[in-house]
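Spelled out from the first residue to the last, the chains are:
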Amino acid sequence: MNKLTHFDESGQAHMVNVGDKASTHRIAIATGKISMLPETFKMVEAGNHKKGDVLGIARIAGIQASKKTADLIPLCHPLALTHVSLEFQSNSTDNSITCQVKAETTGPTGVEMEALTAVQVALLTIYDMCKAVDRGMVMGDVRLLEKSGGKSGEWKA
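Residues numbered from 1 in each chain as written. Predicted model: local features only at pLDDT ≥ 70, side-chain atom pairs only at ≥ 80, totals over all residues. Heavy atoms only, no water.

Caption draft 1: Seen up close, the overall build of the chain. Regarding its fold elements, the chain presents 4 helices and 5 strands. Of the regular secondary structure in the chain, the N- to C-terminal order runs β-α-α-α-β-β-α-β-β. The buried share of the chain, reckoned over its 157 residues, is 35%. The contacts in the chain between residues at least 6 apart in sequence include a share of 70% that link residues at least 24 apart. Here the chain has roughly 9,100 Å² of accessible surface; of this, 53% comes from carbon and sulfur atoms. (Helix = DSSP H or I, 4+ residues; strand = E, 2+ residues; numbered from the N terminus. Buried < 20%, exposed > 50% of the residue type's maximum accessible area, 1.4 Å probe, protein only. Contact = heavy atoms within 4.5 Å. Areas by Shrake-Rupley, 256 points an atom, 1.4 Å probe, with all protein chains shown as cover.)

Caption draft 2: Region of interest: the pattern of salt bridges. If you walk through the whole model with that rule in mind, you get 4 salt bridges. Ionic pairing is found between D71 and K68, a salt bridge with its closest N-O pair at 3.8 Å. You can call K68 partly exposed: its relative accessible area is 47%. Notably, a salt bridge pairs K102 with E104, separated by 3.9 Å at the nearest N-O pair. The exposure class assigned to K102 is partly exposed, which follows from its relative accessible area of 31%. Its relative accessible area of 14% is what places E104 among the buried residues. (Salt bridge = Lys/Arg side-chain N within 4 Å of Asp/Glu carboxyl O.)

Caption draft 3: Local environment of the nonpolar core. Ranked by size, the top nonpolar core spans 27 residues in total, and within it M36, F88, I97, C99, V101 and I126 carry the most contacts. When contributions to this core are tallied by element, the ones reaching two or more residues are β1 (24-35), α1 (38-46), α2 (54-67), β2 (81-91), β3 (96-107) and α4 (112-130). Apart from the residues lying within four places of it in its own chain, the contact partners of F88 are L55, A58, R59, I97, T98, C99, A122 and I126. (Core = buried A, V, L, I, M, F, W, Y, C linked by side-chain atoms within 4.5 Å.)

Caption draft 4: Local environment of the side chain of S96. As for its placement among the helices and strands, S96 is situated in strand β3. Looking at S96, its side chain comes within polar contact range of the side chain of D94, at 2.6 Å. Once you skip the residues sitting within four places of it in the chain, S96 turns out to touch K33, I34, S35, F41, Q89, S90 and N91. (Polar contact = N/O pair within 3.5 Å; in protein donor to acceptor, adjacent residues only side chain to side chain.)

Caption draft 5: Structural detail: unusual backbone geometry. At N95, a residue that is not glycine, the phi angle is positive and equals roughly 50°. Mapped onto the fold, N95 is located in the loop between β2 and β3. For D141, which is not a glycine, the phi torsion comes out positive at approximately 55°. Following the sequence through the fold, D141 ends up in strand β4 (residues 138-148).

Caption draft 6: Seen up close, the environment of A70. Along the chain, the position of A70 falls in helix α3 (residues 69-72). For the pair A70 and E114, spaced 44 residues apart in the sequence, the C-alpha separation amounts to 8.4 Å.

Caption draft 7: How the structure looks around the sheet that holds β4. Ordered by their spatial adjacency, 5 strands build an open sheet running β2-β3-β1-β4-β5, and the pairing between neighbours is antiparallel. At either end of the open sheet lies a strand with only one pairing partner, and these are β2 and β5 (155-156). Strands β1, β2, β3 and β4 of the sheet are contacted by α4, whose axis makes an angle of about 25° with β1. (Pairing = 2+ DSSP bridges. Axes fitted to C-alpha atoms, helices over the stretch in contact; angles between N-to-C directions.)

Encoded structure:
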């Protein structure tokens, strides 16, 4: 089993040294979903929420969050992201919206945390914008779907 990389030999937390790692094109794709009442789902889908375009605002929030990941997660490296995209998929069968994020960079460390952070904040933004009509929304299934680049190569869920 691999060791936890964010701890030194004495068990102290530290930022991983990526100075000697090759700078490569790295991609991460993450997903998550939020479920809501049918009435809330219809409001979001119709785009007639009194606060505006819920998914458009959530998309911008997710992109902003990806750029702030190192400020939120203590041992993450600040990255120069080269691309971040968010897509939403609505499912009327279970009144849910799935968010998928693709984050990219060229550098010595991966973008998994940036993709995962973007998903979480996009879902939280949907919650924030809709909580006045539905406080029972549930967020979940947040996970990494795939990553590529770097020494460890490709990984898919």
